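# A structural walkthrough
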Amino acid sequence: SVFIYIIVTSCNVFKTDGKENNSVRKNNEQRINFDIQKKDSYLISFYNAENLFDTIDDPNTEDEEFTPTGYKKWTSERYKKKLKDISFVLSELDKDILPSIIGLCEVENEYVCEALTEEALLTKAGYKVIHEESPDTRGIDVALLYNPNEFEYYSHSSIEVRIDKAPGAKLRDILYVKGAFHKSDTFHIFVNHWKSRRPSVKETEFKRIETARILRYEIDKIQERNKNAYIIVMGDFNDEPDNSSLKKVLTNSHKDGYTKLINLMIEADDKGEGTNSRDYKWFMLDNMIVSFSLTDGNEYD
């Protein structure tokens, strides 16, 4: 077996055994023919890039403030410094290895993701970028970087977030990636950035709850085919572990106990730790959630 390390922006670490099981690989999964390097451990991480914009005005989005003449005075020098700073953080998550997978949110486009992978501290991993444009008015999306020598990419798709009660809302898509580590079962990875809490938590809560239902529906379909499927849900949810969207909808078990998802940030949240600070208070808005099959057992008794 191998160990999977999972890290989010608060740098809490989770380990799990990765068991070999090739029984559920599907014929329609797009395979890349190369040998995945066998390692003792793999690092999976998520990071909120917090407005990683280039300096070019995109006429299709509201990104004007991140231009040299805009409100932020966003120059090439500042952009390059941000890339360098982010690469430093990612390279320091573990002193011995670079992440095999990096989930990102608040990235403007594929170009800025590619630029990040070319930073000196990250080039050794040879990261490939998975990114799709989503409807966000400011043009920020989610993305996933992966080391092709450690993670075999199968396929990806965007999960559209449409809410009947807010038909005009341009909510960010969820990125769904399928792949595997060395001889492992398929991993199903979902990268999220849910609706912000502006103008207020209460006023926007229904959008996050509905997003959780959409995601839960997609996960239910996977678990109906394979109750022990390896699932990782990462992202900036703009909700904490005890909020309804995460506790009652997304991680709540359905039908049988095996479908329960485990939020790895609960323990840190209970200690008052968080990934976002405002008004001298910590909030656990970035979460890493896994299927029960990635914990100590692979199904409920």
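It should be noted that the structure appears before, not after, this text.
Residues numbered from 1 in each chain as written. Predicted model: local features only at pLDDT ≥ 70, side-chain atom pairs only at ≥ 80, totals over all residues. Heavy atoms only, no water.

## As for helix H2 (residues 110–117)
Of all the residues in H2, the buried ones are Val112, Cys113, Ala115, Leu116 and Thr117. Buried residues along H2 sit against strand S3 (41–52), helix H1 (76–91), strand S4 (101–107), strand S5 (128–131) and strand S6 (141–146). Measuring from the backbone nitrogen of Tyr111 back to the side-chain oxygen at the start of H2 gives 3.2 Å, which picks out Asn109 as the cap. (Buried < 20%, exposed > 50% of the residue type's maximum accessible area, 1.4 Å probe, protein only. Helix = DSSP H or I, 4+ residues; strand = E, 2+ residues; numbered from the N terminus. Contact = heavy atoms within 4.5 Å. Polar contact = N/O pair within 3.5 Å; in protein donor to acceptor, adjacent residues only side chain to side chain.)

## Points about the pairing of S4
A large share of S4 lies buried, amounting to 7 of its 7 residues. Relative to S4, S3 is paired through 6 bridges, and the arrangement is parallel. By the bridge assignment for S4, Tyr47 is matched with Leu104. With H1 bridging S3 and its parallel neighbour S4, the resulting β-α-β unit is right-handed. (Pairing = 2+ DSSP bridges. Right-handed = clockwise from strand over helix to strand, strands pointing away.)

## As for the sheet that holds strand S11 (residues 261–263)
Ordered by their spatial adjacency, 6 strands build an open sheet running S7-S8-S9-S10-S14-S11, and the pairing between neighbours is mixed. The open sheet has two edge strands with one neighbour each: strand S7 (152–159) and S11. With strand direction ignored, the average angle separating the axes of adjacent strands in the sheet is 20°. With 7 bridges joining them, S7 and strand S8 (residues 174–180) adopt antiparallel strand pairing. Looking across to S8, one finds that Ser158 is bridged to Leu175. Running over the sheet, helix H3 (residues 201–225) touches S7, S8, strand S9 (187–193), strand S10 (230–236), S11 and strand S14 (286–291) and is turned about 175° from S9. (Axes fitted to C-alpha atoms, helices over the stretch in contact; angles between N-to-C directions.)

## Concerning empty space enclosed by the protein
Following the criterion strictly, the structure yields 1 cavity of 30 Å³ or more and no others. Taken as a whole, the largest cavity encloses approximately 60 Å³ of empty space. Every element with two or more residues in the lining of the largest cavity is listed here: S6 and S8. Taken together, the residues of the lining of the largest cavity sort by class into 3 nonpolar, 3 polar and 5 charged. (1 Å grid on protein atoms, 1.4 Å probe; cavity = no way out; pocket = protein on both sides within 12 Å on 5 of 7 lines; lining within 4 Å. Points joined across faces, edges and corners; volume = space filled by probe spheres on them. Nonpolar A, V, L, I, M, F, W, Y, C, P; charged D, E, K, R; others polar.)

## A look at unusual backbone geometry
A cis geometry characterises the amide bond from Arg198 onward to Pro199, with omega recorded as 5°. A positive phi angle, near 50°, is found at Glu50, a position not held by glycine. Of note, Glu50 is situated in strand S3. Of the residues examined, Glu50 reaches a relative accessible area of 53% and is grouped as exposed. Positioned with a positive phi, Lys73 is a non-glycine residue whose angle comes to about 50°. Among the secondary structure elements, Lys73 is positioned in the loop between S3 and H1.

## Some points on the pairing of S9
Within S9, 7 of the 7 residues are buried, leaving the element largely enclosed by the surrounding structure. Bridge count between S8 and S9: 5 bridges; the pairing is antiparallel. Within the sheet, the bridge partner assigned to Gly179 lies in S9 and is Phe187. Alignment of S9 against S10, held across 7 bridges, turns out to be parallel. Note that in S10 the partner of Asn192 across the bridge is Gly235.

## Looking at the layout of surface pockets
Here the largest pocket is characterised by a volume of approximately 1000 Å³. For the largest pocket, the lining is made up of 37 residues, of which Glu106, His193, Arg198, Asp236 and Asn238 are closest to its centre. Sorting the residues of the lining of the largest pocket by element identifies S3, H1, H3 and strand S12 (276–278) as the ones contributing at least two each. With 5 residues, the single largest contributor to the lining of the largest pocket is S3. Tallied by class, the residues present in the lining of the largest pocket amount to 11 nonpolar, 10 polar and 16 charged.

## Observations regarding the pattern of salt bridges
Here the structure, examined in full by the defined rule, presents 12 salt bridges. Residue Asp239 pairs with Arg197 through a salt bridge whose shortest N-O separation is 3.4 Å. In this pair, Asp239 is assigned in the loop between S10 and helix H4 (244–250) and Arg197 in the loop between S9 and H3, connecting sequence segments 42 residues apart. Here the two residues Asp239 and Arg197 agree in accessibility, since each one is buried. A salt bridge links Lys221 to Glu218; its shortest N-O distance comes to 3.3 Å. Of this pair, Lys221 and Glu218 both sit in helix H3, separated by 3 residues, roughly a single helical turn. According to the relative accessible area criterion, Lys221 is partly exposed, its value standing at 32%. Within this structure, Arg197, Arg208 and Asp239 form a network of salt bridges that share partners. (Salt bridge = Lys/Arg side-chain N within 4 Å of Asp/Glu carboxyl O.)

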